[in-house]
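Read off the chains here:
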Amino acid sequence: MRSKIVAGNWKMNKNIAETEALLVELSAKLPDTTAEVMVAPAFVNLNAAVRHLESSAIEVIAQNMHFAESGAYTGEISADMLLSIGIDTVIIGHSERRAYFGETDEILAKKVTAALAKNMRVMFCFGEELEDRKSGNHFDVVESQLKNALFSLDAQQWRKIVLAYEPVWAIGTGETASPEQAQEMHAFIRKTIAEAYDNSIAKNVSILYGGSVKPANAAEIFSKPDVDGGLIGGAALVADDFVAIIKAI
Ligand code: PGA
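This write-up is about the structure you can find in this document. (Residues numbered from 1 in each chain as written. Predicted model: local features only at pLDDT ≥ 70, side-chain atom pairs only at ≥ 80, totals over all residues. Heavy atoms only, no water.)

1. A word on the overall build of the protein chain
Here is step 1 of the chain: Scanning the protein chain from terminus to terminus reveals 12 helices and 8 strands.
Here is step 2 of the chain: On C-alpha atoms alone, the protein chain measures out to a radius of gyration of 17 Å, which is about the 18 Å that the 2.2 N^0.38 rule sets for 249 residues.
Here is step 3 of the chain: With the C-alpha coordinates aligned to their principal axes, the bounding extent of the protein chain is approximately 45 × 45 × 35 Å.
Here is step 4 of the chain: Every one of the 249 residues in the protein chain was classed for burial, and the buried ones make up 52%.
Here is step 5 of the chain: Considering only contacts within the protein chain whose residues lie at least 6 apart along the sequence, 70% involve residues at least 24 apart.
Here is step 6 of the chain: For the protein chain, the accessible surface area stands at approximately 11100 Å², while carbon and sulfur atoms represent 50% of it.
Here is step 7 of the chain: Across the protein chain, 23 positive and 33 negative side-chain charges occur, with their mean positions spaced 2 Å apart. (Helix = DSSP H or I, 4+ residues; strand = E, 2+ residues; numbered from the N terminus. Rg over C-alpha atoms; globule rule 2.2 N^0.38 Å. Buried < 20%, exposed > 50% of the residue type's maximum accessible area, 1.4 Å probe, protein only. Contact = heavy atoms within 4.5 Å. Areas by Shrake-Rupley, 256 points an atom, 1.4 Å probe, with all protein chains shown as cover. Lys, Arg positive; Asp, Glu negative; His and termini not counted. Charge placed at Lys NZ, Arg CZ, Asp CG, Glu CD.)

Below is the structure:
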C-alpha cells in the first residue's frame, strides 16, 4: 500500500541557527501520525539536521543531487555524499531546478537513474505551467514529463519513487489548485502509469500535491482519494503551519 507523506521543502531558507530552532520546535510539536514526515533543509545544514533528528520520526531529505558519482562538478553534491550523512531520499525535478538551473527531462532522467542505482528514494516533482493549463495542454505536459524521466524504470525501481505533482502556477503564488483540479490530475497520473505499466504500480505509488498548501486548505486537498500528501514550501518554514498541515492528513 502507498504511504501518506508530508514533506517540507525549505528551499534556500534558514541558516544553521534558524534550522536548528525550527527543528527543535517541530520535534516538540510533532503530532502523532501514521504519515511519513520529511524536511529538506539547505545542503550546508543537512548534516546538523540529521544529527538533530537522530531519534525523531522526522526524516531529513535532500533538495537535489548531481547524477555523477564524483568528479569535477564544482558546487555539486553526489548521492554518496548524501548517503554518507544518513540521507537516502532526494527531491529531483523541482520546478525551480527546471526553470532557473536548466534541468531538462534528460538531465532529470539521469539524476533519477543515479539515485536509484544507489538505492535512494526519489521524490520526483513535475507539473505544468500556467500557459499549459490555459491552453488545455496540462495533461500532455505532465504525461511527457513522466514519460521522459520515469517510464524506462522497471517495476522494482518504481517502489523507490514518490511523485509530487506541483503545478508551477501554484508554487509560492498563494494560488492553489482546487482539490478537484488536484484530484483530476492525480487520477490522470495514476491512469497514465497503469497504461504504461500495470495497475499495481499505479495504485502503490504515493502522489503528493504541492503548490501553496496551507493549514486552511490542506485537509480538503488531502481528502481527495488520489492525493497521498503534500510537498510544502512556504508553510513548512513556520512550525505551527507545518504541524497543522501534518494534522490535516
Ligand atoms: P509553496 O512551494 O508551498 O511555497 O507553494 C511548494 C514547493 O515548491 O514545493
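2. Focus: the site of the ligand
Here is step 1 of the chain: Lining the immediate surroundings of the ligand are 13 residues, of which Lys11, His94, Glu166, Gly172 and Ser212 lie closest.
Here is step 2 of the chain: Here an oxygen atom of the ligand and a backbone polar atom of Gly172 are 2.6 Å apart.
Here is step 3 of the chain: Summarising the interface, the protein chains cover 97% of the accessible area of the ligand, which totals 280 Å² for the free molecule.
Here is step 4 of the chain: The class makeup of the residues in the shell around the ligand is 4 nonpolar, 7 polar and 2 charged. (Near = heavy atom within 4 Å. Polar contact = N/O pair within 3.5 Å; in protein donor to acceptor, adjacent residues only side chain to side chain. Nonpolar A, V, L, I, M, F, W, Y, C, P; charged D, E, K, R; others polar.)

3. Overview of the pairing of strand 6 (residues 161-165)
Here is step 1 of the chain: Where burial is concerned, most of strand 6 is hidden: 5 out of the 5 residues are buried.
Here is step 2 of the chain: Both faces of strand 6 are covered, namely the face carrying Ile161, Leu163 and Tyr165 and the face carrying Val162 and Ala164.
Here is step 3 of the chain: Judged from the 5 bridges that link them, strand 5 (residues 121-126) and strand 6 form a sheet pairing that is parallel. Residue pairing across strands places Phe124 opposite Leu163, the latter belonging to strand 6.
Here is step 4 of the chain: Across 3 bridges, strand 6 lies against strand 7 (residues 207-210) in parallel orientation. (Pairing = 2+ DSSP bridges.)

4. With respect to the packing of helix 5 (residues 105-117) against helix 7 (residues 138-150)
Here is step 1 of the chain: Contact geometry for helix 5 and helix 7: axes closest at 8 Å, N-to-C directions at 45°. Considered as vectors, helix 5 and helix 7 are oriented oblique to each other. Of the two possible hands of crossing, helix 5 and helix 7 adopt the one that is right-handed. Contact residues: Asp105, Ala109 and Val112 in helix 5; Ser144, Gln145, Asn148, Ala149 and Leu150 in helix 7.
Here is step 2 of the chain: When its residues are assigned to classes, the contact of helix 5 with helix 7 shows 4 nonpolar, 3 polar and 1 charged. (Axes fitted to C-alpha atoms, helices over the stretch in contact; angles between N-to-C directions. Parallel < 35°, antiparallel > 145°, perpendicular 65-115°, else oblique. Left-handed = near helix turned anticlockwise from the far one by under 90°.)

5. Re the pattern of salt bridges
Here is step 1 of the chain: Going through the model one piece at a time under the given rule, you end up with 17 salt bridges.
Here is step 2 of the chain: Salt-bridge contacts for Asp228 lead to Arg2; the nearest nitrogen and oxygen are separated by 2.8 Å. Placement of Asp228 in the loop between helix 11 (215-222) and strand 8 (229-232) and of Arg2 in the segment before strand 1 (5-9) is noted, with a sequence separation of 226 residues between them. Both residues of the pair, Asp228 and Arg2, belong to the buried class.
Here is step 3 of the chain: Shared partners join several salt bridges into a network, and the residues in it are Arg2, Arg190, Asp226 and Asp228. (Salt bridge = Lys/Arg side-chain N within 4 Å of Asp/Glu carboxyl O.)

6. A few points about the packing of aromatic side chains
Two measures describe an aromatic ring pair: the distance that separates the ring centres and the angle between the ring planes.
Here is step 1 of the chain: Applying the stated rule across the entire model yields 7 aromatic pairs.
Here is step 2 of the chain: Ring geometry for Phe151 and Trp158: centres 6.2 Å apart, planes at 50°, overall tilted.
Here is step 3 of the chain: Classification of Phe151 by relative accessible area gives buried; the value is 17%.
Here is step 4 of the chain: Cluster of aromatic residues (ring-pair linked, three or more members): Phe124, Phe126, Tyr165 and Tyr209.
Here is step 5 of the chain: Geometry around Phe67 places Lys110 over its ring, the cationic atom sitting 4.4 Å from the centre. (Phe/Tyr/Trp six-rings, centres within 6.5 Å; stacked < 30°, edge-to-face > 60°. Lys NZ or Arg CZ within 6 Å of the ring centre and 35° of its normal.)

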